[in-house]
Amino acid sequence: MNQYVIRGGHPLFGEITVSGAKNAAVAIIPAALLVDGVCRIENVPQISDVTLFFSILEELGAKVRVLNRHAVEIDCRNIRSTTPSYELARRIRASYYLLGALLGRFGKATVAMPGGCNFGVRPIDQHVKGFRLMGADVIEGGLIQAEARDGRLHGANIYMDVVSVGATMNVMMAAVLAEGTTTIDNAAKEPHIVDLANFLNSMGADIKGAGTDTIKIRGVEKLTGGTYGIIPDQIEAGTYMAAVAATGGQVLIKNVIPKHMECISSKLQEMGVEIFEQDDTLLVRRSKPLHRTNVKTLPYPGFPTDMQPQITVALALAEGTSIVTEGVWDNRFKYVGELKRLGAKVQVDGKVAVVEGVDRFEGAPIQACDLRAGAALVIAGLAANGETHLGNIQYIERGYEDMVGKLRAVGADIQIVDVPEDEKVEPKIG
Ligand code: EPU
């Protein structure tokens, strides 16, 4: 199952329900290691990164009971190891959260870091700086070994040199059971930061200020368990909104938090897409040609880097020339080569892409190179005349629940086709 065959050129009509947020789930599930009790987690997206985390936790001694498609119970009362499987941990970028969670609860952790990277250097120096300031010795290499010098971490004042989602969440996890109070300044403010804090607080932690620049975490003795529902996925919702922008049509996007979508909605509106908000839904309509605009990705509440490839695809079909500037990652335009195979006119110079809109794309064989690039190429295929074969869809399945089913429900002609085993490519990190 690793190719999508898309017959594009048709507008989308109907309804799509958004799943739980991937980047919240891949933090909250390892954060269950901090809890000396049973966590029931709801609105869990059914994606391969989540399944991989369940396996990692089970190997450490957790009991993971899948209750239904989107709910799971995780019992971390009898954890027997602080060294997650090297093979499993190296396959998922978010395995760095195992460091903060295990170090916070047990005072030590040895975790494989994912090798290589797919859109530039992805350092974890700010995570390590935070752990060290809280009293841990950290040895970095293919394996990161961290150990609290006197068995338990201590609260500290930590100023993040860069705004980092991962470092903010990892330090938050490490701090919830530390002795004393930790302050994180220049913290990231993404919705999943707030979601992790809400999850931990619902289990007994004392975290204040998540969603602002300064987060204060007062260490508590123990987290005890409870029930928590993950927020809807801002990027999944945005991806389907960009799909409607690119193909035309009208789709009701259900299960969203409209406030989280403003940074994306306002850009699409500038492009001429109509968006009507009601409760937890957004009605997205594109009936006229798209206008050009400029986009720069920034930490939240700026335009998200994880939506950059998808909006670039829509801009490549807009009237006029747009400038897209990637403000977070060094090398996130690798997909542009594939997009050009469909007829897009995009010139990339470092972190800037000049996108000259064309009237239409023509289908072609193309390959996904990471999760969001893969989603963007699906959108391109949906907008293209004729047939597009998209390979390496494992990347997409890491982070989008049932993308094919959801798109088919709004009239897309997309199907999954098997390709021979020896042509399959191992997914990398994301
Ligand atoms: N950075 C540092 N030092 C650090 C950490 C980060 O210099 O210690 C730099 C990075 O090199 C980058 C910037 O800070 O230039 C932001 O990185 P951040 O730490 O925020 O990214 P991340 O936590 O590794 C998460 C998401 C990414 C998303 C980014 C930015 C997860 C698992 N991943 O990565 O999501 O692009 O935040 O919003 O939450 C995706 O979902 O496709 C994806 C890649």
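A.B. asks: Could you clarify how one ought to interpret the packing of aromatic side chains in this entry?
C.D. replies: Aromatic ring pairs: the centre-centre distance and the angle between the two ring planes describe each pair. Here the structure, examined in full by the defined rule, presents 3 aromatic pairs. With 4.8 Å between their ring centres and 90° between their planes, Tyr96 and Tyr97 make a pair best called edge-to-face. The exposure classification of Tyr96 matches that of Tyr97, with both residues buried. Taking the centre distance of 5.8 Å and the plane angle of 75° together, the rings of Phe199 and Tyr228 count as edge-to-face. With Phe199 in helix H7 (residues 191–202) and Tyr228 in strand S13 (residues 223–229), this residue pair connects regions lying 29 residues apart in the sequence. Accessibility assignment for this pair places Phe199 and Tyr228 in one class, buried.

A.B. asks: Teacher, can you tell me more about the pairing of strand S5 (residues 71–75) here?
C.D. replies: The side chains of a regular strand alternate between the sheet's two faces. Counting buried residues along S5, 4 of its 5 residues qualify, which places the element largely inside the surrounding structure. Looking at chain direction, strand S3 (residues 35–42) and S5 are connected through 4 bridges and run antiparallel. Within S5, the residue paired with Ile41 across the bridge is Val72. Bridge count between strand S4 (residues 63–68) and S5: 5 bridges; the pairing is antiparallel. The residue bridging Arg65 from the neighbouring strand is Glu73, located in S5. From the end of S4 to the start of S5, which pair antiparallel, there are 2 residues.

A.B. asks: What is the right way to look at the site of the ligand in this model?
C.D. replies: If you check the shell around the ligand, you find 26 residues, and the closest are Gln126, Ser164, Val165, Asp306 and Val328. Asn23 places a side-chain nitrogen or oxygen 3.1 Å from an oxygen atom of the ligand. Here Trp329 contributes a side-chain N or O atom positioned 3.1 Å from an oxygen atom of the ligand. Those elements giving two or more residues to the shell around the ligand turn out to be helix H1 (22–31), helix H5 (125–133), helix H6 (165–175) and helix H12 (371–383). By residue class, the composition of the shell around the ligand is 13 nonpolar, 7 polar and 6 charged.

A.B. asks: What should I look at first to understand the nonpolar core in this one?
C.D. replies: Considering soluble globular proteins, one finds that nonpolar side chains tend to be buried as a cluster. One finds Ile29, Ile41, Ile74, Leu196, Phe199, Leu200 and Leu223 to be the most contacted residues of the largest nonpolar core, which totals 85 residues. Judged by nonpolar contacts, the second largest core, of 76 residues, contains Tyr240, Ile275, Ile311 and Val358.

Cut-offs applied
Residues numbered from 1 in each chain as written. Predicted model: local features only at pLDDT ≥ 70, side-chain atom pairs only at ≥ 80, totals over all residues. Heavy atoms only, no water. Phe/Tyr/Trp six-rings, centres within 6.5 Å; stacked < 30°, edge-to-face > 60°. Buried < 20%, exposed > 50% of the residue type's maximum accessible area, 1.4 Å probe, protein only. Helix = DSSP H or I, 4+ residues; strand = E, 2+ residues; numbered from the N terminus. Pairing = 2+ DSSP bridges. Near = heavy atom within 4 Å. Polar contact = N/O pair within 3.5 Å; in protein donor to acceptor, adjacent residues only side chain to side chain. Nonpolar A, V, L, I, M, F, W, Y, C, P; charged D, E, K, R; others polar. Core = buried A, V, L, I, M, F, W, Y, C linked by side-chain atoms within 4.5 Å.

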